[in-house]
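Descriptive structure summary
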Amino acid sequence: MDSPPPKTVTPAPFMLGACWYPEQWPEESWRRDAGRMRDTGISVVRVGEFAWSRLQPARGELRLHWLQRVLDILHDCGLRAVIGTPTAAPPRWLLDDLPDMCLVDGEGRPAAFGSRRHYCHAHPGYRKACAQIVTHLAKKFGRHPAVIAWQTDNEYGHHGSARSFSAAAAAGFRAFLRDKYRTMESFNRRYGGAFWSLEYNDFSQINPPAFTPAGHHPLLLLDFYRYSSHSIREFNRVQTEIIRRHSPGRAVLHNFAGFLSGFDHFALGEDLDVAAWDSYPGGFLARHGPAGEQLRYLRTGHPDYAAFHHDLFRGCGRGRMWVMEQQPGPVNWAPFNAIPAAGAVRMWTWEAHAHGAEVVSYFRWRQTPTGPEQMHAGLHTPDDKPAPGHAEVAQTAAELQNLPPPAPPFNRAAVALLVDYESIWMADIQPHGDRAAFTAVLDFYRALRRHGVDVDIISPRDDFTGRKLIVAPLWWAPAAEAVGRLQKSACPVLFGPRCGSRTEDFAIPGDLPPGVLRPLLKLSVRRVESLPPHAPLAVTFTAGAKKQSAAAICWREIVRAEGAQAIAKYSDGEGEGALFASENFTYLACRPNDALLDAVLRRLLKQAGICSAPPPPDVRCRRRGGVRWFFNYGSRPARIKVEGEVMIPASAKIRNGNCTLPPAGVLAVLDKAEGA
Ligand code: GAL
């Protein structure tokens, strides 16, 4: 079946897909499954992921022929394939060969065999075994005409696997430190190890920060997080290099997991063609949603969690993003696993599209009756009958035919939200009472969504030029170089509390926070405090937008203005203000509640000339090309003002310029002024 590689890896603008595990089902059913996938409107099928024991049942024994037959069938049926490398599930026999290859946790316990992700990224023998199996696969299938892409591993860092305390990781960590600090003298000086006798005589004495009775040295923790992130990237590169060598013209991607920050996703994304991710809006709500929202969005999933990750991973993929796994019904792993509302699977799919997804692929084609994850829905029930999600996928595929292909490249948003993984690590290491680093970032994102503006998520290494507003909720130790670029870009920037509060070596800046940002912000932070979450502190604006309910929560700083103008004050009169402006730069000296954040953003969006059109409370919107999309996450119908031609749904009824959007409803309006 070999043929020359396709000229381009860019797939059709939007395709639906399915994750299929043919190794679990009798071969007689394969062709029927593939035909039904095609008839449902699916064009992309992921296979091979986790199938190591079937591809290589024992050392030196390769069985690739079944996968060859699978790919041939997919090709015959006009389907395209993504091969997942099986390295997230090393087989039992490999552990006999490499008994020390397992992930070790911070209490020194090695992971047992019996699940997945039980390996250590740093283990040289395991990396070699991965290189071998990936080479076999890439050589054999790299030019197969069905293959359009490769997925490396599965969800790096998931299940607590981002940081390993194994002997291999310890050796890698020491080499990383040696390379970074060069001499022991430089290490000890930058560490500030004089306190608590934390000095070392030699790099060989340094271990990964495993269990200690009291807190670990923050810089040792941070360096270990940096090292672990680097180690995952190195591990991934072994695979991307092999795949690129043997499978020209095919996209290389990884399926990132949501709500993880154990490694720098932007850095890993630099080695990929596409950043894919796995979207489980119902599961995420149950696991991470605030109590008040769990009932409100029980059957539609959280209205902002998936969107945040779509925008994040589109940023990591430099504009290219897929949803490799999309929730098709109830999941099995959350604290509660509700059946999604009728229409929710379709709504999640179209929302991913609106945020730039090129592919949305459902996990999984059929629910498994055996083995792990039996309680996870598929597009079919275990007896092979269509599950409710199936009809929604078929409906989406039919609607896809009516949609004008969106013109690439994906729209660049006027507003960018800066996400910095190092800052998330620093805030996790030293929360000082405010335990919600990731949530703080999400709060800013959610507030921007409430205003109805589109957001790009960028890293500190991105190009800042051309944005009308950059929002940096959590940027603890900006590099001087990035600050220089920011100044040159002349973009207005909103900084959240604690920005600039540490140096790259996790020290309080010599001239106090905001350290490297002080010349921009023209203020200094003299004292800080964290507050109990139930003790909000009222904040009032000195002019303009007065908002009684605006308050600081969890964290506030006592600030001295050094040229900056105070725009809002704490009700107890402490410090010179709660919000400061200096030319293009605004500094929020506290963690804001929603009312305060809304008021601050309203003011900044207005100043930046960004037209914000807040949708009704449970509705979210997003523009892709010339199409504006609306999604109703609420449990009641919502009224949307329609300004253009309705593309989806075909049955939309417009009365007096308004359309009623049912719960879990989708509305796509082609903007007359812009065209698609
Ligand atoms: C993902 C994972 C899949 C499957 C799925 C269940 O995190 O990549 O293999 O476990 O969750 O929701």
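Residues numbered from 1 in each chain as written. Predicted model: local features only at pLDDT ≥ 70, side-chain atom pairs only at ≥ 80, totals over all residues. Heavy atoms only, no water.

**Notes on the confidence of the model for the protein chain**
Detailed reading of the predicted model is not advised wherever pLDDT is low. We apply this condition: Known as pLDDT, the predictor's confidence for each residue is given on a scale from 0 to 100. By the convention used here, residues are in contact when the closest approach between their heavy atoms is within 4.5 Å.
A residue-level look at the protein chain finds 96% of positions with pLDDT of 70 or above and a mean pLDDT of 94. Overall, residues 1-11 carries pLDDT values under 50, and its contacts beyond four positions in sequence, including any with other chains, amount to 23 contacts.

**A word on the pairing of strand β16 (residues 565-570)**
Definition in use: Note on pairing: DSSP must find at least two bridges between two strands before they are called paired. Per the convention used, a helix needs a DSSP run of H or I reaching at least four residues, while a strand needs a run of E reaching at least two, with both numbered from the N terminus.
Two elements, strand β14 (residues 537-541) and β16, share 3 bridges in a ladder whose sense is antiparallel. Residue Thr540 lies in a different strand from β16, and its bridge partner there is Lys569. Pairing analysis gives 3 bridges linking β16 to strand β17 (residues 579-582), with the strands arranged antiparallel. Paired with Gln565 across the strands is Ala581, a residue of β17.

**Thoughts on the site of the ligand**
What counts, and what does not: The near set for a molecule or strand comprises every residue that places at least one heavy atom within 4 Å of it. Within 3.5 Å is the distance limit for a polar contact, defined as a pair of N or O atoms, with the added protein rule that one can donate a hydrogen and the other accept it, and that residues adjacent in sequence qualify only through two side-chain atoms. Where accessible areas are quoted, they stem from the Shrake-Rupley method and a 1.4 Å probe; at the residue level, only the protein chains shown are allowed to cover. With a 1 Å grid spanning the protein atoms alone, the term cavity applies to any set of points in which a 1.4 Å probe fits but cannot get out, the term pocket to an open set with protein on both sides within 12 Å along at least five of seven lines, and the term lining residue to any residue with an atom within 4 Å of a point. Being in a pocket or cavity means that more than half of the molecule's atoms lie within 2 Å of its grid points.
In the vicinity of the ligand, the contacting residues are Phe50, Arg116, Asn154, Glu155, His158, Asp278, Tyr280, Glu325, Trp333, Phe363, Glu373 and His376. Contact distances for the ligand include 2.7 Å between an oxygen atom and a side-chain N or O atom of His376. For the ligand, whose accessible area on its own is 310 Å², the fraction buried by protein is 97%. Structurally, the ligand is housed in the largest pocket.

**Comments concerning the environment of His216**
Residue position: His216 is located in the loop between α7 (184-191) and α8 (218-246). Separated by 32 residues in sequence, His216 and Pro248 have C-alpha atoms that sit 46 Å apart. If we ignore the near neighbours within four places in the chain, the residues touching His216 are Pro209, Ala210 and Leu221. There is a polar contact of 3.0 Å between the side chain of His216 and the backbone oxygen of Ala210.

**Digging into empty space enclosed by the protein**
Test applied: Grid points are joined across faces, edges and corners, and a volume is the space filled by probe spheres set on the points. Under this grouping Gly is polar, as are all residues other than the nonpolar Ala, Val, Leu, Ile, Met, Phe, Trp, Tyr, Cys and Pro and the charged Asp, Glu, Lys and Arg.
In this structure the tally under the stated criterion is 4 cavities of 30 Å³ or more. Volume-wise, the largest cavity comes out at about 130 Å³. What lines the largest cavity is a set of 13 residues, and nearest its centre among them are Asp434, Ala440, Leu474, Arg498 and Arg591. Top element by residues in the lining of the largest cavity is helix α16 (residues 437-450). It accounts for 3 residues. Split by residue class, the lining of the largest cavity holds 10 nonpolar, no polar and 3 charged. There is about 70 Å³ of room inside the second largest cavity. Lining the second largest cavity are 14 residues, with Gly282, Gly283, Leu298, Gln327 and Ala338 positioned closest to its centre. When residues of the lining of the second largest cavity are assigned to their parent elements, the largest contribution, 4 residues, is made by helix α10 (residues 281-288).

**A look at the nonpolar core**
Note the threshold: Throughout this description, the term nonpolar core refers to a set of buried Ala, Val, Leu, Ile, Met, Phe, Trp, Tyr and Cys residues connected via side-chain atoms within 4.5 Å. Think of it in three bands: residues with accessible area under 20% of the maximum for their type are buried, residues over 50% are exposed, and the middle band is partly exposed, with areas taken using a 1.4 Å probe on protein chains only.
Leu74, Phe308, Leu417, Val419, Phe495 and Trp629 are the most contacted members of the largest nonpolar core, which has 197 residues in total. With near-sequence residues (within four places) excluded, Trp629 lies in contact with Trp350, His353, Ala354, Leu403, Arg620, Cys621, Arg622, Arg624, Ile648, Val666, Leu667 and Ala668. If you look at the next biggest cluster of nonpolar residues, it comprises 12 residues, including Met15, Ile148, Val274 and Met324.

**Side note on unusual backbone geometry**
Between Pro513 and the following residue, Pro514, the backbone shows a cis peptide bond with an omega angle of 10°. With phi around 45°, Arg318 is a residue other than glycine that occupies positive phi space. Its location among the elements puts Arg318 in the loop between α12 (305-316) and β7 (321-326). On the basis of relative accessible area, Arg318 is assigned to the exposed category, the value being 53%. One non-glycine residue with positive phi stands out, namely Asn656, at about 50°. Relative to the elements of secondary structure, Asn656 occurs in the loop between β24 (654-655) and β25 (658-661).

**Some remarks on the sheet that holds strand β8 (residues 357-362)**
Here is the rule: Between N-to-C directions, angles span 0 to 180 degrees; the directions come from axes that are lines fitted to C-alpha atoms, helices contributing only their stretch in contact.
A barrel is described by the order of its strands in space; here 8 strands give the closed sequence β1-β2-β3-β4-β5-β6-β7-β8, paired in parallel fashion. Taking each pair of neighbouring strands and ignoring which way they run, the sheet shows an average axis angle of 25°. Taken together, the 5 bridges between strand β5 (residues 251-257) and strand β6 (residues 274-279) define a ladder with parallel strand orientation. Residue Ala257 lies in a different strand from β6, and its bridge partner there is Asp278. Where helix α13 (residues 344-354) meets the sheet, it contacts β1 (15-19), β7 and β8, and its direction lies at approximately 155° from that of β8.

**Some points on the packing of helix α5 (residues 124-141) against α8**
The following threshold applies: Here roughly perpendicular refers to angles of 65 to 115 degrees, roughly parallel to angles under 35, roughly antiparallel to angles over 145, and oblique to all remaining angles. What makes a crossing left-handed is the near helix being turned counterclockwise from the far one by less than a right angle; a clockwise turn instead makes it right-handed.
Packing of α5 against α8 leaves a shortest axis separation of 9 Å and a crossing angle of 25°. One element, α5, and the other, α8, form an angle in the roughly parallel class. Between α5 and α8 the crossing geometry is right-handed. Side by side, α5 and α8 meet where Tyr126, Arg127, Cys130, Ala131, Val134, Thr135, Ala138 and Lys139 of the first sit next to Ser231, Glu234, Phe235, Val238, Gln239, Ile242, Ile243 and His246 of the second. Along the lines of polarity and charge, the residues of the contact of α5 with α8 split into 9 nonpolar, 4 polar and 3 charged.

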